[in-house]
Amino acid sequence: MRGVRFLIGGCATAFMTLCPGEASRAESAASQVGREAFTGMPPAVDRSNLYSEASADRINPSLNGLKPLVYVPNVKSGDVYVIDPASFEVVNRFKIGHSPQHVVPSWDLKTLWVTESSEGRRTGGSLVPIDPQTGKPGSPIPVPDAYNMYFTPNGAFAIIVAEAYKRLEFRDPQTMALRHSLNVRDCPGINHADFSIDGRYAIFTCEFGGRLAKIDFSKGDAVQILKLSKGGMPQDIRISPDGKTFYVADMMADGVFVIDGETLSEIGFIPTGIGTHGLYPSRDGRKLYATNRGSHRINGLRNGPGSVSVIDFATRSVESTWPIPGGGSPDMGQVSADGERLWLSGRFDDVVYAIDTKTGTVHSIPVGRSPHGLTVWPQPGRYSLGHTGNMR
């Protein structure tokens, strides 16, 4: 297991490292949080396809009748655009603080949370709830930094990814009151994650360190670090349908690493395109859509050589590539509820792409400045693990 090191997390408060005399108390709290994080999670219905309950015909009854909409956070214009996917028209927009990053479905599917980071500032992040029944935002909840957001597989905690502070904040999933923080200082740029099939651990990507961080909830939030062999900037991560491997997009390596989650070791690499960034499984769990942002830069140019690679889970190979006509920058997004369209933000081009998953045909919709982690709602699934809809 090349480059692997072990650390012990759970020895920090929300804002500072604990002194030695307080360590045992913090470790005890971390162990309790760790045990609570996965105990009682809904088990996989089909262990050969853990996405079986997120297939096109599995909309939760509580979401029946909800009007489908696409919610687009725009980082640089500080707002959220709302698109009607049937007409491709922007039907609403509202201001969200300074730098909204992602729109995240809650574990219980009742709320959409806009995560606002402290990007460019020392403090000043927030979480803004959206009522999907009305499509309107509620009052912001201040947090130091909210780049991204996940939920433990049993719904006991919201996990705020405080990228600027190199830490994870375990919060009450309803009130967002802080319960525990975990410093992950060897994971600079901590941002995206996915969970093991049994919920015992999660693997987070470290964008600015070329690393992965495995958080083992069953061991009191123990942290295991893997340095990727040729990775420079790992981004999104998704687990395979059978739960045996993780796929990691790397923006500098221009492809997807295949990782054994149990041993935290590399077992393969799939070349895709320039600036590989986002990963989204198809509704039938057979394909993985990998977005190639068309640039190795954090702030790339317009009309770059952006594309989407379609990876076959069974063969671990690219079966087709969909270029963005005229160039573009496909970034983050989600698959429609029926699986017929892939909705993606065009990060450097201030547009949203609606891509036909049968033909690769692209429809572009102008939005605000620097669109990022959009979501479509509703989506099929029993519960959400966060991000733009990691559904199970």
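From a predicted model like this one, the values you see are computed outputs, not experimental measurements.

(A) Just the overall build of the chain, in detail. A tally of regular secondary structure across the chain gives one helix and 30 strands. Scaling as 2.2 N^0.38, a compact globule of 392 residues should have a C-alpha radius of gyration of about 21 Å, and the chain matches this with 19 Å. With respect to the principal axes defined by its C-alpha atoms, the chain has extents near 60 × 45 × 40 Å. Per-residue burial for the chain yields a buried fraction of 63% across its 392 residues. Contacts in the chain between residues far apart in sequence, at least 24 positions, make up 51% of those at least 6 positions apart. In the structure as shown, the chain presents an accessible area of about 14,300 Å², 52% of it carried by carbon and sulfur atoms.

(B) Local environment of the state of the cysteines. Counted according to the given criterion, the structure contains one disulfide. Between the sulfur atoms of C187 and its disulfide mate C206 the distance is 2.0 Å. Since a negative S-S torsion denotes a left-handed disulfide, the C187-C206 link at about -105 degrees is left-handed. Of the two residues, C187 sits in the loop between β13 (178-183) and β14 (190-195) while C206 sits in strand β15 (residues 201-206), which places them 19 residues apart along the sequence. With a relative accessible area of 0%, C187 lands in the buried category.

(C) How the structure looks around the nonpolar core. Ranked by size, the top nonpolar core spans 25 residues in total, and within it I159, L168, V184, F204, I215 and F217 carry the most contacts. When contributions to this core are tallied by element, the ones reaching two or more residues are α1 (23-38), β11 (158-162), β12 (167-171), β14, β15, β16 (211-216) and β17 (222-227). Once residues within four sequence positions are removed from consideration, I215 is found in contact with L168, L182, V184, R200, Y201, A202, F204, D221, A222 and V223. Counting residues in each nonpolar core, the second largest holds 17 residues, with A54, L109, V128 and I130 among its members.

(D) Structural context of unusual backbone geometry. With omega at 5 degrees, the peptide bond leading from W377 into P378 counts as cis. Even without being a glycine, F88 presents a positive backbone phi close to 65 degrees. Along the chain, F88 turns up in the loop between β3 (79-84) and β4 (89-95). The phi angle at K166 is positive, at roughly 55 degrees, despite the residue not being glycine. Following the sequence through the fold, K166 ends up in the loop between β11 and β12. Residue classification places K166 among the partly exposed positions, given a relative accessible area of 31%.

(E) Spatial organisation of the pairing of strand β27 (residues 341-346). In terms of burial, β27 is largely enclosed, as five of its six residues are buried. Relative to β27, strand β26 (residues 330-335) runs antiparallel, the two being bridged by four bridges. Following the sheet pairing, P330 is matched in β27 by G346. Once β26 ends, the chain turns through five residues before running back antiparallel as β27, passing G339 with a positive phi of about 80 degrees.

(F) Local environment of the pairing of strand β29 (residues 362-366). Sheet topology places strand β28 (residues 351-356) next to β29; five bridges connect them, and they run antiparallel. Bridged to I355 within β29 is V362. Between β28 and β29, which follow one another and run antiparallel, lie five residues, and G360 among them has a positive phi close to 80 degrees.

(G) Inspection of the pattern of salt bridges at higher detail. Here the structure, examined in full by the defined rule, presents 15 salt bridges. One salt bridge in this structure joins E262 and R200, with 2.8 Å as the shortest N-O distance. Taken as a pair, E262 in the loop between β20 (255-260) and β21 (265-271) and R200 in the loop between β14 and β15 lie far apart in primary sequence, 62 residues in all. Of the charged contacts in the structure, one is a salt bridge between E319 and K287, with a shortest N-O distance of 2.8 Å. Pair noted here: E319 is in strand β25 (residues 317-323) and K287 is in strand β23 (residues 287-292), with a separation of 32 residues, a long-range link. The network of salt bridges with common partners includes E53, D57 and R58.

(H) Quick peek at the sheet that holds β20. Spatial ordering of the open sheet is given by β18-β19-β20-β21, a layout of four strands whose pairing is antiparallel. Each edge of the open sheet is held by one strand with a lone partner, namely β18 (234-239) and β21. The sheet shows a mean angle of 25 degrees between the axes of neighbouring strands, taken without regard to direction. Here β20 runs beside β21; their pairing, made up of six bridges, is antiparallel. In the sheet register, V256 faces β21, and the bridge partner there is I270.

(I) The arrangement of the sheet that holds β12 in detail. In spatial order, the strands read β10-β11-β12-β13; together these four strands make up an open sheet with antiparallel pairing. Of all the strands in the sheet, the pair left with one neighbour each is β10 (148-151) and β13. Each neighbouring strand pair of the sheet contributes to a mean axis angle of 25 degrees, computed without reference to strand direction. Two strands pair when backbone bridges link them, and β10 and β11 are joined in this way by four bridges, in the antiparallel orientation. Within the sheet, the bridge partner assigned to N148 lies in β11 and is V161.

Calculation notes
Residues numbered from 1 in each chain as written. Predicted model: local features only at pLDDT ≥ 70, side-chain atom pairs only at ≥ 80, totals over all residues. Heavy atoms only, no water. Helix = DSSP H or I, 4+ residues; strand = E, 2+ residues; numbered from the N terminus. Rg over C-alpha atoms; globule rule 2.2 N^0.38 Å. Buried < 20%, exposed > 50% of the residue type's maximum accessible area, 1.4 Å probe, protein only. Contact = heavy atoms within 4.5 Å. Areas by Shrake-Rupley, 256 points an atom, 1.4 Å probe, with all protein chains shown as cover. Disulfide = S-S within 2.5 Å. Core = buried A, V, L, I, M, F, W, Y, C linked by side-chain atoms within 4.5 Å. Pairing = 2+ DSSP bridges. Salt bridge = Lys/Arg side-chain N within 4 Å of Asp/Glu carboxyl O. Axes fitted to C-alpha atoms, helices over the stretch in contact; angles between N-to-C directions.

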